[in-house]
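Chain residues, written in single-letter form:
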Amino acid sequence: MHCIICVQHLVVSDDSGSGDDNNDGGGGGNTDGDGCGGADGGGCGGTGGVMVVAVVMVVAKSVVVVTLPVVVAAALVVVIVVVVVAMTILVVMKLVVVEAMLVVVVVVVAVMVVAMLVVVVVVAAMIMVVVVPGDGGGGGGGDGGCRDGGSSSGVVTVVVTMAVVLVVVVARKAIVKYNDVAWFNNVPFPKLTEYKKSQNWVALRGDRFVFPGGGTSFINGVKGYVDAISRLVPLKSGKIRTVLDVGCGVASFGASLMDYNILTMSIAPKDAHEAQVQFALERGLPAMLGVLSHHRLPFPSRSFDMAHCSRCLVRWTAYGGLYLLEIDRVLRPGGYWVLSGPPINWRRSYRGWQMEPKCGKSPSNHIQCIQKLKTWKSPQLCPSSDADADAAWHTKMKACIVPLANVKDINEMSGGALQKWPKRLTAAPPRVRNAMDGGITTRTFNEDNRMWKKRVSHYEVVLKSLAGGNYRNVMDMNAAGFRGFAAAMAKYPVWVMNIVPFDAKNSSLGIIYERGLIGTYMDWCEPFSTYPRTYDLIHASGLFSMYMDKCDITDILIEMHRILRPEGAVIIRDHIDVLVKVKRVINQIRWDGKIFHGGNGPFNQEKVLLVDNSE
């Protein structure tokens, strides 16, 4: 029986050797083929008794070699035709966009190509087995094992690996293209496509906008622009996670930085470039209306690892460098300030680009800053009475430098060093480690993380579509605390806008930024600086208990209704008595709200009110 397995290597030879039928481990074999070891280590050889079997095997394999590629190719063609027809019908019915169809078709075709390559390799291996002589190796001893004259497993592995890599690359490129589209009906403003037509910012193709990645300063496209920056700034190191983009346009810069796992807060005013921020949010990118004017930007100090402005028409040297000083406040010690493009009225103002930046390239601590202040003619440090660096809600800007936290050594990082991303998300940040408040400790920080992981897992149970990738833009309306909610949501393909009420007892927005997350201050008795229908999921924990005596909760719910997309979802966590009042208003605005227990059992007073408009 063991010799029959080895016959396939013997049929191509006219001469055969003979093995000794003994126990000395000798092997038998022919002049060209392999031998086969006997059961006790003896060899066996020759073709006389097994030629009929060999011929039958050759004929069978010949039939397979001829018919298998034809059958597989026909099956692949049928599958591709069916997929294309089905996707075309869905596109005609407007259930799927063209880009989604292209993604599916490309992936299916790539998978089919992989399958065909595997078939070709298998057939080639079978041909080698039938007609290619072996290497003349002898049979194995002891257990009667056989060795073939050559193996194509290495070839199969290489081909399959290359094909899989090709599929991943093609699919990834297609999906990235799909993410760079937005429906015209969601942002019905064609003005920007006409005003910036020559600069390749955004183009209208049929009923969708596409974003080619061009721009005023992106001569080689945004990818080439970011590649140039990466040669100066360590974008791939994990040290840079949060970026502020001033005058963001349609946020192509922020979109490109996502390839580096960098989260960009894109801000722009509502000006002649109609609905820039809305374009960004429609693309699934973090953005909000914002302008450098009289008040500080609504972010705490030391928020961003990098700040960027590309031809953003900001007069940085006006008013005693007031706006540049604001960038200095929100920039983390040791951070990067990237400014590109010609200055405004450059023929008269080019000398402004020869001025030294205030306090250098983001000094690491106050000792370095003071040394430079003695050398340069620069604004002085803000007095201690005005030195609340994190105060940023309707706080007037002043032409002075907000002092950094004190250090003992010139090489020490002011405020404390941060972990690289992604460790930064779960490690206790410096504001927690250095906190003077007894309620903010590393232990309470870790407990908060565990609690929110449990809560988000419970949200998956009551909101089935949460884990299905249906949401992208998420808002947490009350992010006071350590914001374990946003950290727990990091396992999904979403980003979270963490809103910290400006008068919250624990103003934790600085902790949120140190974790590599983003957010802003807010007073929910006022409207939020965004466009209608721009968030897919809104989360509010304890918000209505906080605002019950401050303003009408109906106004807050109407603002939530304005911000939420038509098929979005709302999760409100609060005391059951508060949720009953909230549900009355929700019913009046035609939302279907359902109350569930909060994950701590049916007898706990904290409940969850869910609105799922996708049902």
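Our structure's up above, just so we're on the same page.
Calculation notes
- Residues numbered from 1 in each chain as written.
- Predicted model: local features only at pLDDT ≥ 70, side-chain atom pairs only at ≥ 80, totals over all residues.
- Heavy atoms only, no water.
- Buried < 20%, exposed > 50% of the residue type's maximum accessible area, 1.4 Å probe, protein only.
- Helix = DSSP H or I, 4+ residues; strand = E, 2+ residues; numbered from the N terminus.
- Contact = heavy atoms within 4.5 Å.
- Salt bridge = Lys/Arg side-chain N within 4 Å of Asp/Glu carboxyl O.
- Pairing = 2+ DSSP bridges.
- Axes fitted to C-alpha atoms, helices over the stretch in contact; angles between N-to-C directions.

(A) Broad picture of helix 6 (residues 221-230). Listing the buried residues of helix 6 in full gives Gly221, Val222, Tyr225, Val226 and Ile229. Lining the buried residues of helix 6 we find helix 7 (252-257), strand 9 (304-310) and strand 10 (331-340).

(B) Broad picture of the pattern of salt bridges. Within the structure shown, the criterion is met by 16 salt bridges. Across the salt bridge formed by Arg332 and Asp305, the nearest N and O atoms sit 2.8 Å from each other. Taken as a pair, Arg332 in strand 10 and Asp305 in strand 9 lie far apart in primary sequence, 27 residues in all. Accessibility classification places Arg332 together with Asp305 in one group, the buried group. Lys550 is the partner of Asp503 in a salt bridge, and the nearest nitrogen-oxygen pair spans 2.7 Å. Taken together, the residues span a long stretch of sequence, with Asp503 in the loop between strand 12 (495-501) and helix 16 (509-514) and Lys550 in the loop between helix 17 (543-547) and helix 18 (553-563) at a distance of 47 residues.

(C) Broad picture of the sheet that holds strand 17 (residues 606-612). What the seven strands build is an open sheet, ordered 13-12-11-14-15-17-16; its pairing is mixed. For this open sheet the edge positions go to strand 13 (518-522) and strand 16 (593-597), each flanked by a neighbour on one side alone. Geometrically, the sheet is characterised by an average inter-axis angle of 20° between neighbouring strands, direction not taken into account. Here five bridges tie strand 16 to strand 17, and the two strands are oriented antiparallel to one another. Bridge pairing links Gly593 to Val611 in strand 17. Packing against the sheet, helix 19 (residues 576-588) makes contact with strand 15 (564-575), strand 16 and strand 17, and its axis sits at approximately 155° to strand 15.

(D) Structural view of the sheet that holds strand 10. Strand order in the open sheet made by the five strands is 8-7-6-9-10, with parallel pairing throughout. Bordering the open sheet on either side are strand 8 (287-289) and strand 10, each of which pairs with just one other strand. Across this sheet, the average inter-strand angle for adjacent strands is 20°, counted without regard to direction. The sheet contact formed by strand 6 (residues 242-246) and strand 7 (residues 263-268) spans five bridges and is parallel. Paired with Thr242 across the bridge in strand 7 is Leu263. Running at roughly 135° to strand 10, helix 9 (residues 322-330) makes contact with strand 6, strand 9 and strand 10 of the sheet.

(E) Structural view of unusual backbone geometry. Of the consecutive residues Trp421 and Pro422, the connecting peptide bond is found in the cis state with omega at 15°. Tracing the chain through its elements places Pro422 in the loop between helix 11 (366-375) and helix 12 (423-426). At Tyr319, a residue that is not glycine, the phi angle is positive and equals roughly 55°. What makes Tyr319 exposed here is its relative accessible area of 56%.

Geometry only, nothing functional implied.
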